[in-house]
Amino acid sequence: YHMQVSQQDVLDVTMCPSEHDVPEYSLFSFTPRKILSKETPCYVLKMMKDLGFIDTFRIKIDTLSRFILYVRKGYREVPYHNWQHAFSVAHFAYLALKNFQLIEKGYLSQLEALAYFVSCLCHDIDHRGTTNSFQQQSNSVLASLYSSEGSVMERHHLSQTICTLNTEGCNFLDSLSSQDYRKCLDLIKDMILATDLASHYKIHAKQLNMAQEGFDKTNPYHKYYLTSLLMTCADLSDQTKDWTETKKVAQLIYAEFFAQGDLEKKMGKEPANMMDREKASIPDHQLEFLTQCCICIFKILATIFPSAKVLVNAIKQNILCWESSKRIFDKYSMEGKTSYEVLVSEE
Ligand SMILES: Cc1nc2ccc(C(=O)N[C@]34C[C@H]5C[C@H](C[C@H](C5)C3)C4)cc2n2c(-c3ccccc3Cl)nnc12
Ligand SMILES: [Mg+2]
Ligand SMILES: [Zn+2]
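Residues numbered from 1 in each chain as written. Chains lettered and ligands numbered in written order. Predicted model: local features only at pLDDT ≥ 70, side-chain atom pairs only at ≥ 80, totals over all residues. Heavy atoms only, no water.

Asker: Please clarify how the coordination of the zinc ion (ligand 3) should be interpreted in this entry.
Answerer: Around a metal, the perfect tetrahedron of four donors has angles of 109.5 degrees, and the perfect octahedron of six donors has angles of 90 or 180 degrees. Coordination of the zinc ion (ligand 3) by the protein involves His-85 (NE2), His-123 (NE2), Asp-124 (OD) and Asp-235 (OD), with metal-donor separations of 2.0 to 2.1 Å. Viewed at the metal, the 4 donor atoms of the zinc ion (ligand 3) are separated by angles of 81 to 170°, and the geometry they form is irregular. Each donor residue of the zinc ion (ligand 3) lies on one chain, and together they are spaced H-x37-H-D-x110-D. Between the zinc ion (ligand 3) and the magnesium ion (ligand 2), both coordinated by Asp-124, there is a metal-metal distance of 3.8 Å. Of this pair, Asp-124 sits in the loop between α6 (110–122) and α7 (132–137) while Asp-235 is found in helix α12 (residues 220–235), placing the two residues 111 residues apart along the sequence. The class of Asp-235 is buried, set by a relative accessible area of 16%. (Donors = N, O, S within 2.8 Å, 3.2 Å for Na, K, Ca; no water. Tetrahedral: all angles 85-135°; square planar, octahedral: opposite > 155°, others 65-115°. Helix = DSSP H or I, 4+ residues; strand = E, 2+ residues; numbered from the N terminus. Buried < 20%, exposed > 50% of the residue type's maximum accessible area, 1.4 Å probe, protein only.)

Take a look at the structure:
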């Protein structure tokens with residue numbers, strides 16, 4: 001089994017210079033997608049040092065560096081669900097841990113915080129740019145493995161995470177007690193499975209109820225609802241950035257959705273509207289997603305953590321931008337342009 005990651009690669013990460021200490025890095029307005037891919041492993045290390053994980057869990061830096069590099073290699077070059085997405089989701093976890101003081105205020109234990117950050121980094125490993133329903137429709141190997149339990153892709157991402165941990169020289173958690181190690185893997189399982197949006201819809205009402213009742217740190221259900229909420233918020237955190245970023249991310253997501261739609265048409269299947277480049281109305285679909293799904297999730301977050309209000313406001317701003325750009329899309333669609341052509345051409 002050849003080493004995909006060289007010893008030199010590992011050394012480059014362990015020796016990464018400290019010039020990465022940009023102050024705005026820990027602000028919600030910071031956009032992690034602007035970090036160059038070759039810089040990202042150093043930033044992951046920096047965030048984990050900053051969060052105190054290295055000292056608390058006696059993590060060996062070269063083992064952690066190798067793990068990070070293998071996780072990055074585990075992601076594919078698909079338009080949206082690639083390493084850059086994973087890095088941005090992990091960066092949001094870093095922002096949440098710091099800005100909401102999740103450990104200091106007792107919302108999460110150190111172990112839960114570690115599991116949260118690692119789960120974000122690994123939550124989409126080996127994503128193929130296709131949905132769970134596509135796995136079923138195409139009778140993929142992953143569907144045959146996991147469709148009986150549901151959340152097909154998420155179970156695969158979890159399996160890939162465990163495999164990476166078990167790769168020679170990558171298990172940075174091996175200094176944990178066997179009890180903590182077991183607990184950490186159980187947490188990572190729940191957190192990665194929570195990123196299946198269909199699962200989120202099943203517990204949304206319970207999360208809302210929890211926020212209105214007031215988070216009870218002794219209630220294990222509340223703990224589960226909170227960590228699931230934090231995973232979904234991290235996964236959707238692109239929507240809390242400025243309009244330029246949101247529009248860029250929409251181009252990536254629909255490039256992936258429409259590639260799947262094209263594939264489904266070739267397979268003689270009828271793609272869902274949101275996957276069909278000829279039928280999809282991107283602004284309408286995004287307005288529905290932001291108003292029916294995204295903003296509700298971040299409002300629950302802001303009920304528990306008032307400082308998350310800025311995130312709700314950013315989503316409101318993006319909703320306004322989609323509404324105003326909808327008029328431009330409608331004008332061009334009268335001239336026969338698809339909404340994707342308008343999205344990628346619009347300045
Ligand atoms: C901007 C944006 N728009 C998005 C619009 C739609 C959907 C989406 O999966 N919708 C659903 C709608 C129902 C019930 C379930 C299962 C299916 C049927 C498909 C979900 C996701 C969107 N999404 C994500 C995202 C988050 C987690 C996993 C995958 C993705 Cl792509 N991240 N950003 C975005
Ligand atoms: Mg996913
Ligand atoms: Zn994701």
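Having seen it, we continue.
Asker: Looking at this model, I keep getting lost on the site of ligand 1. Mind explaining?
Answerer: Around ligand 1, 13 residues are found, and the nearest of them are Asp-235, Gln-239, Ile-253, Gln-286 and Phe-289. In this structure, a nitrogen atom belonging to ligand 1 sits 3.3 Å away from a side-chain N or O atom of Gln-286. Summarising the interface, the protein chains cover 73% of the accessible area of ligand 1, which totals 630 Å² for the free molecule. At the level of secondary structure, the elements contributing two or more residues to the shell around ligand 1 comprise α11 (197–213), α13 (243–266) and α14 (282–304). Counted by class, the shell around ligand 1 contains 8 nonpolar, 4 polar and 1 charged residues. (Near = heavy atom within 4 Å. Polar contact = N/O pair within 3.5 Å; in protein donor to acceptor, adjacent residues only side chain to side chain. Areas by Shrake-Rupley, 256 points an atom, 1.4 Å probe, with all protein chains shown as cover. Nonpolar A, V, L, I, M, F, W, Y, C, P; charged D, E, K, R; others polar.)

Asker: Is there a simple way to think about the nonpolar core in this case?
Answerer: The biggest cluster of nonpolar side chains holds 108 residues, and the ones touching the most others in it are Tyr-116 and Leu-301. With 13 residues, α14 is the single largest residue contributor to this core. The contacts of Tyr-116, once residues within four sequence positions are left out, are Phe-92, Ala-93, Ala-96, Leu-97, Leu-108, Met-191, Leu-230, Met-231 and Ala-234. (Core = buried A, V, L, I, M, F, W, Y, C linked by side-chain atoms within 4.5 Å. Contact = heavy atoms within 4.5 Å.)

Asker: Hey, could you run me through the packing of helix α2 (residues 40–50) against α6 in this one?
Answerer: Angle between the axes and distance between the axes are the two parameters that describe a pair of packed helices. Running from N to C, α2 and α6 point in directions that differ by 165°, and their axes come no closer than 11 Å. Relative to α6, the element α2 lies roughly antiparallel. The hand of the α2/α6 crossing is right-handed. Counted together, Val-44, Met-47 and Met-48 of α2 and Leu-114, Phe-117, Val-118 and Leu-121 of α6 form the full contact between these two elements. Counted by class, the contact of α2 with α6 contains 7 nonpolar, no polar and no charged residues. (Axes fitted to C-alpha atoms, helices over the stretch in contact; angles between N-to-C directions. Parallel < 35°, antiparallel > 145°, perpendicular 65-115°, else oblique. Left-handed = near helix turned anticlockwise from the far one by under 90°.)

Asker: So what exactly am I meant to see when it comes to the environment of Ala-143 here?
Answerer: The topology assignment puts Ala-143 in helix α8 (residues 141–146). Not counting the four nearest positions on each side in its chain, Ala-143 is found in contact with Gln-135, Gln-136 and Val-152.

Asker: When you look at the packing of α13 against helix α15 (residues 309–334) in this model, what are you seeing that I'm missing?
Answerer: As a packed pair, α13 and α15 sit with axes 10 Å apart at the nearest point and diverge in direction by 65°. Classified by the angle their axes make, α13 and α15 are roughly perpendicular. Pair α13 / α15 crosses with right-handed handedness. Between α13, through Trp-243, Thr-246 and Ala-250, and α15, the contact on the second element is made entirely by Asn-318, Cys-321, Trp-322 and Ser-325. For the contact of α13 with α15, the residue count by class is 4 nonpolar, 3 polar and no charged.

Asker: Please clarify how α15 should be interpreted in this entry.
Answerer: The α-helix advances 3.6 residues per turn, and as a result positions three or four apart in sequence lie on the same side. For α15, spanning 26 residues, the distance from its first C-alpha to its last is 38 Å, which sits close to the expected 38 Å at 1.5 Å a residue. Helix geometry: α15 is bent most strongly at Ser-325, by close to 25°. Those residues of α15 that fall on the buried side of the exposure criterion are Leu-311, Val-312, Ala-314, Ile-315, Asn-318, Ile-319, Cys-321, Trp-322, Ser-325 and Phe-329. In this fold, the buried residues of α15 make contact with α5 (83–99), α13, α14 and α16 (339–345). In the stretch just after α15, Gly-336 is the one whose phi turns positive, near 85°. (Expected span 1.5 Å × (residues − 1). Bend = angle between axes of the 7 residues up to and from the residue.)

Asker: Even after reading the chapter, I still don't get helix α1 (residues 7–14), so can you show me in this structure?
Answerer: Taken as a whole, α1 has its buried residues at Val-10, Val-13 and Thr-14. An end-on view of α1 places all buried positions within 95° of arc, on one side of the element. In the core, the buried residues of α1 are packed alongside α2 and α4 (61–74). (Arc of directions from axis to C-beta.)

Asker: Please clarify how unusual backbone geometry should be interpreted in this entry.
Answerer: Here the phi dihedral of Arg-58 falls at roughly 45°; this positive angle occurs in a residue that is not glycine. On the basis of relative accessibility, which here comes to 57%, the residue Arg-58 falls in the exposed class. In this structure, Asp-126 is a non-glycine residue whose phi angle is positive, near 65°. Relative to the assigned elements, Asp-126 resides in the loop between α6 and α7.

Asker: Would you take a moment to explain the side chain of Asp-126 for this structure?
Answerer: The class for Asp-126 is buried, based on a relative accessible area of 10%. In terms of polar contacts, Asp-126 uses its side chain to reach the side chain of Arg-76, at 2.7 Å. Residue contacts for Asp-126: discarding those within four places in its chain leaves Gly-74, Tyr-75, Arg-76, Met-153, His-156, His-157 and Gln-160.

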